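Notes for the structure review
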Amino acid sequence: MTGLAKWSLGIGVVLLGAAAVCRMLDQIPATVLVGLAGLLAVGIAGYDVLYHWTARIELRRRGARARREQERRQSH
């Protein structure tokens, strides 16, 4: 998890908590705005995690492919 994802996740959780407090106080417009901002922040964190996770998977696949090619060349 990168620094951006950690910050986004932390901010998103805080904003979603604030949205819950706003809802308890019957501040519906504030609830909607803060809740949407919190969901956006959590979504950014999730996207960042998935992006870096898929990049690592692709690197592993390339490495495995290169090892197979190298083994194939050495066996011939």
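The structure presented is a predicted model; accordingly, all values stated were derived computationally and were not measured. (Residues numbered from 1 in each chain as written. Predicted model: local features only at pLDDT ≥ 70, side-chain atom pairs only at ≥ 80, totals over all residues. Heavy atoms only, no water.)

Quick look at the pattern of salt bridges
When charged atoms on two side chains of opposite charge get close, those side chains can pair. This structure, assessed with the given rule, holds 3 salt bridges. Residue R23 is joined to D26 by a salt bridge in which the shortest nitrogen-to-oxygen separation is 3.1 Å. Here R23 falls in the partly exposed class, since its relative accessible area comes to 45%. Two residues, R62 and E58, come together in a salt bridge whose shortest N-O distance is 3.7 Å. One end of the pair, R62, and the other, E58, are both in helix α2 (residues 28-75), 4 residues apart, so they sit about a helical turn from each other. The partly exposed category is assigned to E58, whose relative accessible area is 29%. (Salt bridge = Lys/Arg side-chain N within 4 Å of Asp/Glu carboxyl O. Buried < 20%, exposed > 50% of the residue type's maximum accessible area, 1.4 Å probe, protein only. Helix = DSSP H or I, 4+ residues; strand = E, 2+ residues; numbered from the N terminus.)

Points about a nonpolar patch on the surface
A surface patch of nonpolar side chains, about 440 Å² in accessible area, is lined by L16, I28, V32, L36 and L39. Among the elements that line the nonpolar patch, the one with the most residues is α2, at 4 residues. As for its placement among the helices and strands, L16 is situated in helix α1 (residues 3-24). For L16, a relative accessible area of 33% puts it in the partly exposed group. (Patch = residues over 30% accessible without salt bridge, like charges linked within 9 Å, V, L, I, M, F, W, Y side chains within 5 Å. Areas by Shrake-Rupley, 256 points an atom, 1.4 Å probe, with all protein chains shown as cover.)

Description of the packing of α1 against α2
Packed helix pairs are characterised by how far apart their axes lie and by the angle those axes make with each other. Across the interface, α1 lies against α2 with an axial gap of 7 Å and an inter-helix angle of 160°. In terms of their interaxial angle, α1 and α2 are classed as roughly antiparallel. Of the two elements, α1 crosses α2, and the hand of that crossing is left-handed. By residue class, the composition of the contact of α1 with α2 is 20 nonpolar, 5 polar and 2 charged. (Axes fitted to C-alpha atoms, helices over the stretch in contact; angles between N-to-C directions. Parallel < 35°, antiparallel > 145°, perpendicular 65-115°, else oblique. Left-handed = near helix turned anticlockwise from the far one by under 90°. Nonpolar A, V, L, I, M, F, W, Y, C, P; charged D, E, K, R; others polar.)

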